Amino acid sequence: MPANEMKSASRDSAKLMNRSDLCRRLVEKLVHEEAVVGGIGHTHFDLWASGQRPQNFYMLGSMGLAVPIAFGVALAQPQRRVFALEGDGSLLMQLGALGTVAMHAPKNLAIVVFDNGVYQITGSQPTLTSYRTDLVAMAKGAGLAQSAWAADEAHYDRLVDAALKAEGPWFIAARTDAQPPAGVTERDAAKIRGRFMQGLGVSR
Ligand SMILES: Cc1ncc(C[n+]2csc(CCOP(=O)(O)OP(=O)(O)O)c2C)c(N)n1
């Protein structure tokens with residue numbers, strides 16, 4: 001993609017956007033049965049609310065597993081584009097995954113982090129990104145060269161378009177506001193797993 005589109009905003013200059021809106025924008029672009037893994041926290045709520053595609057997986061219980069799960073899907077199905085949507089708190093709990101993704105460098109994987117600076121779902125306790133921690137700098141340090149802060153919605157759209165077309169791995173970070181999610185995921189883990197496996201065409 002043109003270098004100016006990949007150019008990252010700084011965390012401080014990045015516009016505060018809305019996670020529900022950003023989820024919807026991403027899901028609306030999906031026309032090739034791309035897999036999307038929503039992390040624990042409000043991320044999977046907004047993924048659910050943006051349309052219950054069978055290729056969506058909603059992580060109900062474990063922090064930081066959106067990236068490892070999406071990474072596994074990307075390795076198992078290299079023809080399919082895969083997105084991991086994760087919150088900052090959860091990503092911080094499983095940072096080593098970024099280095100693992102960089103090492104294997106799956107071309108079909110994109111990580112999108114919604115950084116609201118808090119563990120919103122458990123009461124908005126501040127995460128490290130409320131202080132000095134910059135997740136794009138961390139991703140670059142882990143070896144993910146194609147990492148950027150989305151400056152605003154238009155830039156976010158271009159970054160997602162790039163992740164749908166060009167070779168990854170990608171790391172797209174967006175600063176998000178304190179609005180509640182647009183819905184609540186049905187809490188039936190077996191159903192979620194079964195539907196996802198069907199969506200990926202791997203059900204027995
Ligand atoms: C190991 C572990 N510690 C704590 C929790 C409780 N917990 C669930 S979600 C969450 C916060 C998630 O924060 P973030 O990923 O930033 O998402 P947000 O809620 O801000 O959307 C916490 C602390 C947990 N599920 N697992």
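Keep in mind that what you see is a predicted model, and the values were worked out from it rather than measured. (Residues numbered from 1 in each chain as written. Predicted model: local features only at pLDDT ≥ 70, side-chain atom pairs only at ≥ 80, totals over all residues. Heavy atoms only, no water.)

**With respect to the side chain of Asn116**
No. 1: One can find Asn116 in the loop between β4 (109-115) and β5 (118-119).
No. 2: Ignoring anything within four residues of it in the chain, the contact list for Asn116 reads Arg19, Asp88, Thr176 and Asp177. (Helix = DSSP H or I, 4+ residues; strand = E, 2+ residues; numbered from the N terminus. Contact = heavy atoms within 4.5 Å.)

**Structural notes on the sheet that holds strand β7 (residues 147-149)**
No. 1: Read from one edge of the open sheet, six strands run β2-β1-β3-β4-β8-β7, paired in parallel fashion. On the outer flanks of this sheet lie β2 (56-58) and β7, each paired with one strand and no other. Geometrically, the sheet is characterised by an average inter-axis angle of 15° between neighbouring strands, direction not taken into account.
No. 2: Relative to β2, strand β1 (residues 35-38) is paired through three bridges, and the arrangement is parallel. Note that in β2 the partner of Val37 across the bridge is Phe57.
No. 3: Relative to β2, helix α9 (residues 189-199) is tilted by about 160°, and along the sheet it contacts β1 and β2. (Pairing = 2+ DSSP bridges. Axes fitted to C-alpha atoms, helices over the stretch in contact; angles between N-to-C directions.)

**Observations regarding the pairing of strand β8 (residues 170-175)**
Side-chain direction in a regular strand flips from residue to residue, so the side chains alternate between the two faces of the sheet.
No. 1: Within β8, six of the six residues are buried, which leaves the element mostly enclosed by the surrounding structure.
No. 2: Burial along β8 is two-sided: Trp170, Ile172 and Ala174 facing one way and Phe171, Ala173 and Arg175 facing the other are all buried.
No. 3: Sheet analysis places β4 next to β8, joined by six bridges and oriented parallel. Among the inter-strand pairings, Val112 is bridged to a residue of β8, identified as Ile172.
No. 4: Strand direction decides the pairing type here: β7 and β8, joined by three bridges, are parallel. By the bridge assignment for β8, Ala148 is matched with Ile172.
No. 5: In this fold, the crossover linking β7 to β8 by way of helix α8 (residues 153-165) has right-handed handedness. (Buried < 20%, exposed > 50% of the residue type's maximum accessible area, 1.4 Å probe, protein only. Right-handed = clockwise from strand over helix to strand, strands pointing away.)

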